[in-house]
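Structural description and commentary
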Amino acid sequence: MKSFDEIKNLKKDGDYELVADALGLSKDTIRSIVNGRRSDNRHVLLAFNILFELRDAYPKLVANQISTGKTSEVDSKRIEEYING
């Protein structure tokens, strides 16, 4: 699992908003937690790690969907396969 210091280096524009929406918090609260000004009592670290895993799996999923001709639907089982390895 990545640390908050690693998250600071890996985050991209919009990541604070994505995590905030997922956890029902504000972007400013997420920023405060990542920067160590508030404690992580809502699983912010876990949420960022899930986000990074999904970001890594996304290009493979898209390429597979296109190569198999399944461009009008997404099979959620395939998503789980890419996430779980």
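Structure first, text after, so check above.
Quick word on a nonpolar patch on the surface
- Together, Met1, Leu46, Ile50 and Leu54 make up a nonpolar patch on the protein surface, roughly 400 Å² of accessible area in all.
- Among the secondary structure elements, methionine 1 is positioned in the segment before helix 1 (4-10).
- By relative accessible area, methionine 1 is classed as exposed at 71%.

Brief notes about the nonpolar core
- Counting 14 residues, the largest nonpolar core has Phe4, Ile7, Val19, Ile30, Val34, Val44 and Phe48 as its most contacted members.
- Elements with a minimum of two residues in this core: helix 1, helix 2 (15-23), helix 3 (27-34) and helix 4 (44-67).
- No other element matches helix 4, which puts five residues into this core.
- Those residues in contact with valine 34 that lie beyond four places of it in its chain are Phe4, Ile7, Lys8, Tyr16, Val44 and Phe48.

Let's talk about the environment of glutamate 81
- Turning to its location among the elements, glutamate 81 is positioned in helix 5 (residues 76-84).
- For glutamate 81, a relative accessible area of 47% corresponds to the partly exposed category.
- A sequence separation of 24 residues divides glutamate 81 from alanine 57, and the C-alpha atoms of the two residues are 9.4 Å apart.

As for the environment of arginine 55
- Here arginine 55 is to be found in helix 4.
- Not counting residues within four places of it along the chain, the set of residues in contact with arginine 55 comprises Leu10, Lys12 and Asp15.

Focus on helix 2
- All buried positions along helix 2 are accounted for by Asp15, Tyr16, Val19 and Ala20. Looking straight down helix 2, one finds its buried side chains confined to an arc of 130 degrees; they lie on one side. Those residues of helix 2 that are exposed and aimed more than 90 degrees away from the buried face are Asp21 and Ala22.
- Contacts made by the buried residues of helix 2 are with helix 1, helix 3 and helix 4.
- Glycine 24 lies just past helix 2 and shows a positive phi near 70 degrees.

Focus: the side chain of asparagine 49
- Inspection of the secondary structure puts asparagine 49 in helix 4.
- Among the residues examined, asparagine 49 registers a relative accessible area of 9% and is labelled buried.
- A polar contact of 2.7 Å, which involves the side chain of asparagine 49, links it to the backbone nitrogen of lysine 2.
- Ignoring sequence-local partners within four residues, the contact set of asparagine 49 consists of Met1 and Lys2.

Calculation criteria
Residues numbered from 1 in each chain as written. Predicted model: local features only at pLDDT ≥ 70, side-chain atom pairs only at ≥ 80, totals over all residues. Heavy atoms only, no water. Patch = residues over 30% accessible without salt bridge, like charges linked within 9 Å, V, L, I, M, F, W, Y side chains within 5 Å. Areas by Shrake-Rupley, 256 points an atom, 1.4 Å probe, with all protein chains shown as cover. Salt bridge = Lys/Arg side-chain N within 4 Å of Asp/Glu carboxyl O. Helix = DSSP H or I, 4+ residues; strand = E, 2+ residues; numbered from the N terminus. Buried < 20%, exposed > 50% of the residue type's maximum accessible area, 1.4 Å probe, protein only. Core = buried A, V, L, I, M, F, W, Y, C linked by side-chain atoms within 4.5 Å. Contact = heavy atoms within 4.5 Å. Arc of directions from axis to C-beta. Polar contact = N/O pair within 3.5 Å; in protein donor to acceptor, adjacent residues only side chain to side chain.

These figures capture arrangement, not role.
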